[in-house]
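Residue-level structure breakdown
This is what each chain is made of:
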Protein chains: 2
Amino acid sequence: MFKRSSILILLMVASALASAQTSRHATNPRDAIRKADQDWLRVFAAKDLTKSVDFVIAGGSVLAPNAPIATGHDAISKSFAGFFALPDLKIEWRPNKVEVARSGEMGYSTGAYHMTFKDPSGKTIEDRGKYVTVWKKQRGRWLVAYDIFNSDLSATP
Amino acid sequence: MFKRSSILILLMVASALASAQTSRHATNPRDAIRKADQDWLRVFAAKDLTKSVDFVIAGGSVLAPNAPIATGHDAISKSFAGFFALPDLKIEWRPNKVEVARSGEMGYSTGAYHMTFKDPSGKTIEDRGKYVTVWKKQRGRWLVAYDIFNSDLSATP
């Protein structure tokens, strides 16, 4: 009898823990934005232009350094295509902070990026910097409203 | 009698309009962030270091181009002091979009900046670009959580 109830209690605890974990993963909006941030990186690093642009809301903006603001899918598509054309581009970024408004429809991720590509002479150019991405939830999906970044490196190397 | 009731109606309409306008101005959080954005510009353009830094929450960050991230009042103070030391610095910015979460404690402003300063030879250097500022409401006041900007101009002039 003792053994049986112990197993029952263990099962109940395990089930409670599992459900708590499932619900935390499903409902924590910080985790959802963090995941969206890294899902976006995945399609961007893979140079998937359509999927990369689709992460941005209609009318959203990408604010890249040394270029005018790109607003809307057409302008952002051109901006991203320019990036993807960089020879041997490798890029990654990681959020070090994610926050969500209590109302759950707006948030941001911010962190660091690192990228390398080859210049026309074949020399590897390295850049690292920081970014802020403003996210909005539309029809259950987190999408980019604004993305802005800049380099940590000196302007005159 | 007709005249009297007409005046009464006019007074009621005027009063209703006035109260609608007052309440809109007092409670619209977009207007509050827009005002904070421009209040910040005012103390920044005046090179008031203490007031400029006090617009940033404790632990907030300024992400300036070609420099590492500045987090916390000490680091931000150093970063702003560097700006203010630029000879004959003139700066202005204007938000072209302000949004606030429904919960009213988080929002952002984004727009364009323009600045001029003199280089060591006395030549006027001009820069224009764009920014995103993430705002948080703390004890009734809108403060900067993250501020990031970059230039529209080509990196190699």
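Described in the following lines is the structure provided in the data block.

Parameters at a glance
Residues numbered from 1 in each chain as written. Chains lettered and ligands numbered in written order. Predicted model: local features only at pLDDT ≥ 70, side-chain atom pairs only at ≥ 80, totals over all residues. Heavy atoms only, no water. Helix = DSSP H or I, 4+ residues; strand = E, 2+ residues; numbered from the N terminus. Buried < 20%, exposed > 50% of the residue type's maximum accessible area, 1.4 Å probe, protein only. Areas by Shrake-Rupley, 256 points an atom, 1.4 Å probe, with all protein chains shown as cover. Salt bridge = Lys/Arg side-chain N within 4 Å of Asp/Glu carboxyl O. Pairing = 2+ DSSP bridges. Contact = heavy atoms within 4.5 Å. Axes fitted to C-alpha atoms, helices over the stretch in contact; angles between N-to-C directions.

**Description of the overall build of chain A**
- Regarding its fold elements, chain A presents four helices and six strands.
- Going from N to C terminus, chain A has its helices and strands arranged as α-α-α-β-β-α-β-β-β-β.
- For chain A, the residues scored as buried account for 39% of the 157 residues in total.
- Per element, the accessible surface of chain A, about 8,900 Å² overall, is 60% carbon and sulfur.

**Remarks on the pattern of salt bridges**
- For the structure on display, the rule yields 16 salt bridges over all chains.
- A salt bridge links D152 of chain A to K130 of chain A, with the shortest nitrogen-to-oxygen separation between them at 2.9 Å. Residue D152 of chain A is found in the segment after strand 6 (141–151), and its partner K130 of chain A is found in strand 5 (residues 124–138); the two are separated by 22 residues along the sequence.
- Relative accessible area serves as the criterion here: at 21%, D152 of chain A is assigned to the partly exposed category.
- Of the charged contacts, one joins K118 of chain B and D88 of chain B as a salt bridge, the two residues approaching to 3.0 Å between their closest N and O atoms. Residue K118 of chain B is found in strand 4 (residues 106–118), and its partner D88 of chain B is found in the loop between helix 4 (73–84) and strand 3 (90–100); the two are separated by 30 residues along the sequence.
- On the basis of relative accessibility, which here comes to 29%, the residue K118 of chain B falls in the partly exposed class.
- Judged by relative accessible area, D88 of chain B falls into the partly exposed class, the value being 41%.

**Remarks on the sheet that holds strand 1 (residues 56–63) of chain A**
All names here are of chain A.
- Judged by pairing direction, the sheet is mixed, and its six strands sit side by side in the order 2-1-6-5-4-3 without closing on themselves. Because the sheet does not close on itself, it has two edges, and the strands there are strand 2 (70–71) and strand 3 (90–100).
- Along the sheet, helix 2 (residues 29–45) makes contact with strand 1, strand 3, strand 4 (106–118), strand 5 and strand 6, crossing strand 3 at roughly 165°.
- In this fold helix 4 (residues 73–84) packs onto strand 1, strand 2, strand 4 and strand 6, with an angle of close to 45° to the strand it touches most, strand 1.

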